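Close look at the chain arrangement
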Amino acid sequence: MKIPGLNAQGCWDIPERLNMAAQCLAHPPGQLALIDLTHAARRDVSFGELTEMVDALARALQARVARGDRVGVLLSQSPSCAAAHLAIWKIGAISVPLFKLFKHDALKSRIGDAGCEIVLTDPEGAGLLGDLAEAWMVDEVGIGSAPVDFADTAAEDPAVLIYTSGTTGTPKGALHAHRVLTGHLPGVSISHDHLGQAGDCLWTPADWAWIGGLFDVLMPGLALGVPVVAARMAKFSPEGCARVISEGDVRNVFFPPTALRMLRAADVSLPGLRSVASGGEPLGAEMLNWGRRAFGLEINEFYGQTECNMVASSCGADYPARPGCIGKAVPGHEVAVIDEEGVPTDAEGDVAVRRGSASMMLRYWNRPEETAAKFRGDWLVTGDRGVSDGDYLRFVGREDDVITSAGYRIGPAEIEDCLLTHPDVATVGVVGKPDALRTELVKAYVVRREGSQVAASELQDWVKARLASYSYPREIEFLEALPMTVTGKVIRKELKRRAVQEGTT
Ligand SMILES: Nc1ncnc2c1ncn2[C@@H]1O[C@H](COP(=O)(O)OP(=O)(O)OP(=O)(O)O)[C@@H](O)[C@H]1O
């Protein structure tokens, strides 16, 4: 079976010259590209209209921007946001996705690091930017300009500079080449059971500034000719989500983990979808079971990181989900657990991706030492710990998150998964708290379901009865909410900081 991105032999099918914008826009002008739900009335945008928007922006940019220059994109989901990236790639410049949720300091550090002089945005974004960069209003550029040629870029030329989520440390800019989109196509296609069935229509509530939004949904949708819905929810809500699915005729959704947790906490079920995917954090058995009830589907789990995304997956008949596992390597990518010497091992080790993966970054921006440290021989080291389980990969945890307690190495994901099976737990984050006797003790920060008064001891007994006795949380603290990144991931370093502070006071 032919998988997009790969040739008949299962090897990457990437021409030497490649421009990602051309890859996305190579469709008949009348074909539906985007469904715009950002205004009161639905608006369907064809590839012809999208190309006109791209050309108008590209022509305006050409006057000021040279190949290789970085241009920020500070726009929420909208046809303009898609057109902005495509226009920047079309002229051979580098787009820098920026979240509308960023506050001044977050924007300043990324714009400063990337060296963006111009940011494509809207009036709201211009307000956020202040004098950090020159704000260009995309909607003022208008359409109707003469076509602009695609820059003759190599597949290896840089196209997008995208920052990591900052779950563990300062966000780093991962510089990706024009081949990055091709690198996502095998995973995205198999995860939607060969995306592109008649009637398919993609949507994600995640921001398109996140690698998961931009390259797991928007750009693959365009490249494969599957319509993508652009919608805006000031705040994610189960009702808003149901409305978008109905108004946009959405059939395939990529939910960030927080959105799934919120749907689960609200007991919402959304029947009628053809495929549901998630990624970015471990899903675990409880979320998979809930997904079967809520969607009547197996949730597809993607695994990857900003530096090298969509490299492993569990989905569909060939890749059935195995709780605790991040799935199998996606065709085209080689993923293994390696030891200190960079040799694949059967023991616990570092999850790594072999060089040659089309979705692998070129390098970190402005960080040569960190780039060098990211590679071990022929492998990109993800920073996650894992164990091979046949051709599946068992996820132990991020290197910094693995808890060492009384000589045991404990992955927080399993404990979080177990606590989530308790009916009173809405969401949970587990970290190691420094402890003189045990090195670290397992500490769980729990958000209870609304109205619940469940006691810590009941939750501790729940885990004790289900997991190894050494891994139950010796301490449980109840919080109103967990700290989250704008990509909807629990900021463990903040929980960890809190636990370390408690441990030393
Ligand atoms: N399916 C998954 N299961 C478990 N963990 C996952 C999964 N998908 C992604 N992850 C986690 O997310 C990480 C990648 O996240 P991302 O690139 O968004 O930035 P980050 O690593 O969170 O940020 P930073 O590097 O700035 O701390 C992976 O290395 C892994 O730890």
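Reading the values: rules and limits
- Residues numbered from 1 in each chain as written.
- Predicted model: local features only at pLDDT ≥ 70, side-chain atom pairs only at ≥ 80, totals over all residues.
- Heavy atoms only, no water.
- UniProt positions renumbered as here; feature names shortened; annotations may be inferred.
- Salt bridge = Lys/Arg side-chain N within 4 Å of Asp/Glu carboxyl O.
- Helix = DSSP H or I, 4+ residues; strand = E, 2+ residues; numbered from the N terminus.
- Buried < 20%, exposed > 50% of the residue type's maximum accessible area, 1.4 Å probe, protein only.
- 1 Å grid on protein atoms, 1.4 Å probe; cavity = no way out; pocket = protein on both sides within 12 Å on 5 of 7 lines; lining within 4 Å.
- Points joined across faces, edges and corners; volume = space filled by probe spheres on them.
- Nonpolar A, V, L, I, M, F, W, Y, C, P; charged D, E, K, R; others polar.
- Domains from an automatic or database assignment.
- Contact = heavy atoms within 4.5 Å.
- Polar contact = N/O pair within 3.5 Å; in protein donor to acceptor, adjacent residues only side chain to side chain.
- Core = buried A, V, L, I, M, F, W, Y, C linked by side-chain atoms within 4.5 Å.
- Pairing = 2+ DSSP bridges.
- Right-handed = clockwise from strand over helix to strand, strands pointing away.
- Patch = residues over 30% accessible without salt bridge, like charges linked within 9 Å, V, L, I, M, F, W, Y side chains within 5 Å.
- Areas by Shrake-Rupley, 256 points an atom, 1.4 Å probe, with all protein chains shown as cover.
- Lys, Arg positive; Asp, Glu negative; His and termini not counted.
- Charge placed at Lys NZ, Arg CZ, Asp CG, Glu CD.

Per an unreviewed UniProt entry, the recorded name for the protein chain is AMP-binding protein, and the organism is Sulfitobacter aestuarii. Looking at the Sequence similarities (unreviewed entry) heading of the UniProt record, one finds this comment for the protein chain: "Belongs to the ATP-dependent AMP-binding enzyme family."

Here we look at the pattern of salt bridges
It is possible for side chains of opposite charge to pair when their charged atoms get near one another. According to the stated counting rule, one finds 39 salt bridges in the structure shown. Residue arginine 64 is joined to glutamate 134 by a salt bridge in which the shortest nitrogen-to-oxygen separation is 3.1 Å. One end of the pair, arginine 64, is in the loop between α2 (47-62) and β3 (70-74); the other, glutamate 134, is in strand β6 (residues 134-137), with 70 residues separating them in the sequence. Of the residues examined, glutamate 134 reaches a relative accessible area of 36% and is grouped as partly exposed. Salt-bridge contacts for arginine 274 lead to aspartate 200; the nearest nitrogen and oxygen are separated by 2.7 Å. Of this pair, arginine 274 sits in the loop between α9 (257-265) and β12 (275-279) while aspartate 200 sits in the loop between α6 (180-191) and β9 (202-203), and the two are 74 residues apart along the sequence. The network of salt bridges with shared partners includes Lys433, Lys443, Glu475, Glu477, Arg498 and Glu502.

Overview of the layout of surface pockets
In this model, the largest pocket occupies a volume close to 1400 Å³. Lining the largest pocket are 45 residues, with Ala234, Lys235, Phe236, Thr258 and Met262 positioned closest to its centre. Listing elements by their share of the lining of the largest pocket, those giving two or more residues are α5 (123-129), α9, β24 (425-435) and β25 (439-448). Of the residues forming the lining of the largest pocket, the biggest block, five residues, is contributed by α9. Partitioned by chemical class, the residues of the lining of the largest pocket number 25 nonpolar, nine polar and 11 charged. Here the lining of the largest pocket spans two domains, and each of domain 1 (16-29 + 43-178) and domain 2 (403-504) adds at least three residues to it.

Quick notes on the domain arrangement of the protein chain
Splitting the protein chain by domain gives domain 1 (16-29 + 43-178) and domain 2 (403-504). In this structure, domain 1 and domain 2 have C-alpha centres spaced 40 Å apart. Across the boundary between the two partners, domain 1 contributes eight residues, which contact eight residues of domain 2. Counting across the domain 1 and domain 2 interface gives zero salt bridges. For the pair domain 1 and domain 2, the interface holds zero residue pairs in polar contact (both at pLDDT 80 or more). Looking at the side of domain 1 that touches domain 2 residue by residue, the classes come out as three nonpolar, five polar and no charged.

With respect to the nonpolar core
Core analysis: the largest hydrophobic core is formed by 78 residues, its most contacted members being Leu34, Leu50, Leu86, Trp89, Phe215, Met219 and Leu222. Among the nonpolar cores identified, the runner-up in size contains 46 residues, and Cys241, Val276, Ile410 and Leu459 belong to it.

Remarks on the environment of leucine 107
Its location among the elements puts leucine 107 in helix α4 (residues 104-114). It is 31 Å that separates the C-alpha atoms of leucine 107 and glutamate 49, two residues lying 58 residues apart in sequence. Contacts of leucine 107, omitting those with residues within four sequence positions, involve Leu74, Leu98, Phe99, Phe102, Gly112, Leu128 and Leu132.

Topic: the UniProt feature "domain: AMP-binding enzyme C-terminal" (unreviewed entry) in the protein chain
Look at the UniProt record and you will see "domain: AMP-binding enzyme C-terminal" (unreviewed entry) annotated at residues 414-489. Taken end to end, residues 414-489 comprises 21% helix and 33% strand; its first and last C-alpha atoms sit 17 Å apart.

So, unusual backbone geometry
Look at methionine 310: it is not a glycine, yet its phi comes out positive at around 60 degrees. Inspection of the secondary structure puts methionine 310 in strand β14 (residues 308-314). With a phi close to 60 degrees, asparagine 366 is a non-glycine residue in the positive phi region. By relative accessible area, which is 52% here, asparagine 366 ends up exposed.

Re the pairing of strand β13 (residues 300-305)
By the criterion of burial, β13 is predominantly enclosed, with five of the six residues buried. Relative to β13, β12 runs parallel, the two sharing three bridges. Its bridge partner lying in β13, alanine 277 is registered against asparagine 300. Once you follow β12 into helix α10 (residues 284-295) and on to β13, the crossover reads as right-handed. Of the strand pairs in this sheet, β13 and β14 are connected by four bridges, and their pairing is antiparallel. The partner of glutamine 305 across the bridge, within β14, is cysteine 308. The antiparallel pairing of β13 with β14 creates a hairpin that spans two residues between the two strands.

Some points on a negative patch on the surface
A cluster of acidic residues, Glu340, Glu341, Glu399 and Asp400, forms a negative patch on the protein surface. If you trace the backbone, glutamate 341 turns up in the loop between β16 (335-338) and β17 (349-354). Given a relative accessible area of 65%, glutamate 341 falls into the exposed group.

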